[in-house]
Amino acid sequence: PSPNDLHTNALLTNLSIAYRNPSYVSDAIFPIVRVNKQSDIVPKFNQSAFFRDDSRVRAPGTRSEGGGFTVDTSDTYFCNRFSRRFEIPDDLRRNADAPWNLDQTATNFVTDKIQMRREVSFAADHFATGIWSTDKDGTTDFVKWSDYAASTPDVDVDTYKDAVEALAAVEPNKMIVGKQTHIQLKNHPALIDRIKYTQRAQLTPDLIASLLELDSYLVGRSIYTTTVEGTAEASVSYTRIWGKNALLVYVPSAPSLMTPAAGYTFVWQVVPNALQYIKTMRDEEKEIDIVEANTYYAQKLTSARAGAFLESAVA
């Protein structure tokens, strides 16, 4: 007998091959604000009122001079709803062999779609030129950090943190970079030289944050495709969501009153304490179960002055 006569191929039950982004960072950039209404007003005090030096000498028997501030109530957020479903026909469920767990697979699949949506929208809306008050380019404003001989990334970051502070009176405490930018920074001699006598010369994200005097250093590693479903796999192209750029922002550790912030992520609490939630439904006429992921959110820029975008930071 041949080998095929003695064995019938079956699905392996202890492994399968699938591809997912290892992590998403957009939810860690702007502080999360859990809100009870889909839309509301973000009140803004006028900045100049708090920085105007207008106290005056007061002569005996006279009144003090007065003044005040204004509050802008025209700025609002609106949490759009994003959803993605996966349908499980009854015939598919009845015929599924191990290791197929259709409900778990469907939940993982649609949840990832919702997380990716927040990642892609943040990069498109906030990780680009023309959004922040400070825009710098690695071609014209500073030497690209991939040029190890001539570039000084630590000095550049200090310089642009200072530029933000000069506009908003707060120094950026968070830096977001694309994976390609991170590769150049973690191998940059200027940064490695600063730790070579104190630690093993391996620059982790936490160590880079410490060297650059930041509370947080986030690396965007995710990729995505815009090709339509059904395209042959060999013809699908992928794009890095974060590119070769960097963003410096100031955000408070938590939402608070009378505090500047580059932005907030507002999440409508349709389900309490959830960034996204899963609904399961039944369509009896089609004889299918539906697993649906949902999210209501708005990634809202609240102060363009509190950020600096560094385009094409590396070659």
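Residues numbered from 1 in each chain as written. Predicted model: local features only at pLDDT ≥ 70, side-chain atom pairs only at ≥ 80, totals over all residues. Heavy atoms only, no water.

K.L.:
Go over the overall build of the protein chain with me, naming the residues and quoting the values.
P.N.:
Assigned secondary structure in the protein chain consists of 8 helices and 16 strands. The C-alpha radius of gyration computed for the protein chain amounts to 26 Å, which surpasses the reference 20 Å derived for 315 residues by more than 25%, pointing to a less compact arrangement than a globule. Based on the C-alpha atoms only, the size of the protein chain along its principal axes is roughly 110 × 55 × 35 Å. Split into buried and exposed, the 315 residues of the protein chain put 37% on the buried side. Each charge class in the protein chain was averaged separately, 33 positive and 39 negative side chains, and the resulting centres sit 3 Å apart. (Helix = DSSP H or I, 4+ residues; strand = E, 2+ residues; numbered from the N terminus. Rg over C-alpha atoms; globule rule 2.2 N^0.38 Å. Buried < 20%, exposed > 50% of the residue type's maximum accessible area, 1.4 Å probe, protein only. Lys, Arg positive; Asp, Glu negative; His and termini not counted. Charge placed at Lys NZ, Arg CZ, Asp CG, Glu CD.)

K.L.:
Let's hear about unusual backbone geometry: which residues, and what values?
P.N.:
Residue Glu213 is not a glycine yet carries a positive backbone phi of 55°. Mapped onto the secondary structure, Glu213 falls in the loop between helix H8 (205-211) and strand S9 (216-220). For Glu213, a relative accessible area of 57% puts it in the exposed group. Its identity is not glycine, yet Met258 carries a phi of approximately 50°, on the positive side.

K.L.:
Could you give an account of helix H6 (residues 179-186), naming the residues involved and the relevant values?
P.N.:
When we look at burial in H6, the residues that qualify are Thr181, His182 and Leu185. Projected down its long axis, H6 shows its buried positions confined to an angular sector of 100°, all on one face. Elements that come into contact with the buried residues of H6 comprise helix H5 (153-168), strand S8 (174-178), helix H7 (189-192), H8 and S9. (Arc of directions from axis to C-beta. Contact = heavy atoms within 4.5 Å.)

K.L.:
Which residues make up the nonpolar core, and what are the values?
P.N.:
Ranked by size, the top nonpolar core spans 25 residues in total, and within it Trp145, Met175 and Tyr217 carry the most contacts. Those elements that place two or more of their residues in this core are H5, S8, H8, S9, strand S12 (246-249) and strand S16 (307-311). With 4 residues, the single largest contributor to this core is H8. Dropping the residues within four chain positions of it, Tyr217 is found in contact with Met175, Val177, His182, Leu185, Pro205, Ile208 and Ala209. Core analysis: the next-biggest nonpolar cluster, separate from the first, contains 22 residues, Val25, Phe30, Ala168 and Val170 among them. (Core = buried A, V, L, I, M, F, W, Y, C linked by side-chain atoms within 4.5 Å.)

K.L.:
Provide a residue-level description of the side chain of Asn173, including the pertinent values.
P.N.:
Take Asn173: it is sitting in the loop between H5 and S8. Judged by its relative accessible area of 12%, Asn173 falls in the buried class. Of the polar contacts made by the side chain of Asn173, one reaches the backbone oxygen of Val251; its length is 2.8 Å. Not counting residues within four places of it along the chain, the set of residues in contact with Asn173 comprises Leu214, Asp215, Ser216, Val249, Tyr250 and Val251. (Polar contact = N/O pair within 3.5 Å; in protein donor to acceptor, adjacent residues only side chain to side chain.)

K.L.:
Tell me about H5, residues and numbers included.
P.N.:
A rise of 1.5 Å per residue sets the reference length of H5, with its 16 residues, at 22 Å; its end C-alpha atoms lie 22 Å apart and thus fit the reference within 8%. Looking only at H5, the buried set comprises Pro153, Asp154, Asp156, Val157, Tyr160, Lys161, Val164 and Ala168. Buried residues in H5, looked at end-on, bunch into an arc of 160°, giving them a common side. Positive phi appears at Ala169, one or two residues downstream of H5, with a value of about 65°. (Expected span 1.5 Å × (residues − 1).)

K.L.:
Please give an account of a nonpolar patch on the surface that cites residues and values.
P.N.:
Together, Phe45, Phe50, Phe51, Phe69, Val71, Leu257 and Met258 give the surface a local cluster of nonpolar side chains, amounting to about 790 Å² of exposed area. Structurally, Phe50 is set in helix H2 (residues 47-51). A relative accessible area of 46% places Phe50 in the partly exposed class. (Patch = residues over 30% accessible without salt bridge, like charges linked within 9 Å, V, L, I, M, F, W, Y side chains within 5 Å. Areas by Shrake-Rupley, 256 points an atom, 1.4 Å probe, with all protein chains shown as cover. Salt bridge = Lys/Arg side-chain N within 4 Å of Asp/Glu carboxyl O.)

K.L.:
Outline the environment of Asp162, listing residues and values.
P.N.:
Topologically, Asp162 is positioned in helix H5. Along the sequence, Asp162 and Ala190 sit 28 residues apart, while their C-alpha atoms lie 20 Å from each other.

K.L.:
Any chance you could break down the pairing of strand S13 (residues 263-268) for me, citing the residues and the numbers?
P.N.:
Counted residue by residue, S13 has 5 buried out of 6 residues, so it is predominantly covered. Taken together, the 4 bridges between strand S1 (residues 32-35) and S13 define a ladder with parallel strand orientation. Bridging across to S13, Val33 finds its partner in Phe266. For S13 and strand S15 (residues 288-301), the ladder comprises 5 bridges, and the chain directions are antiparallel. Bridging across to S15, Tyr264 finds its partner in Lys300. (Pairing = 2+ DSSP bridges.)

K.L.:
Could you give me a rundown of the packing of aromatic side chains, with the residues and numbers involved?
P.N.:
The tally for this structure, following the rule as stated, stands at 14 aromatic pairs. A ring pair is formed by Tyr77 and Phe266, whose centres lie 4.3 Å apart and whose planes are at 5°; its orientation type is stacked. Separated by 189 residues along the polypeptide, Tyr77 in strand S5 (residues 76-78) and Phe266 in strand S13 bring together distant segments of the chain. According to the relative accessible area criterion, Tyr77 is buried, its value standing at 5%. Taken together, a centroid distance of 5.6 Å and an interplanar angle of 40° make the contact between Phe142 and Trp145 tilted. The burial state of Phe142 is the same as that of Trp145; both residues are buried. (Phe/Tyr/Trp six-rings, centres within 6.5 Å; stacked < 30°, edge-to-face > 60°.)

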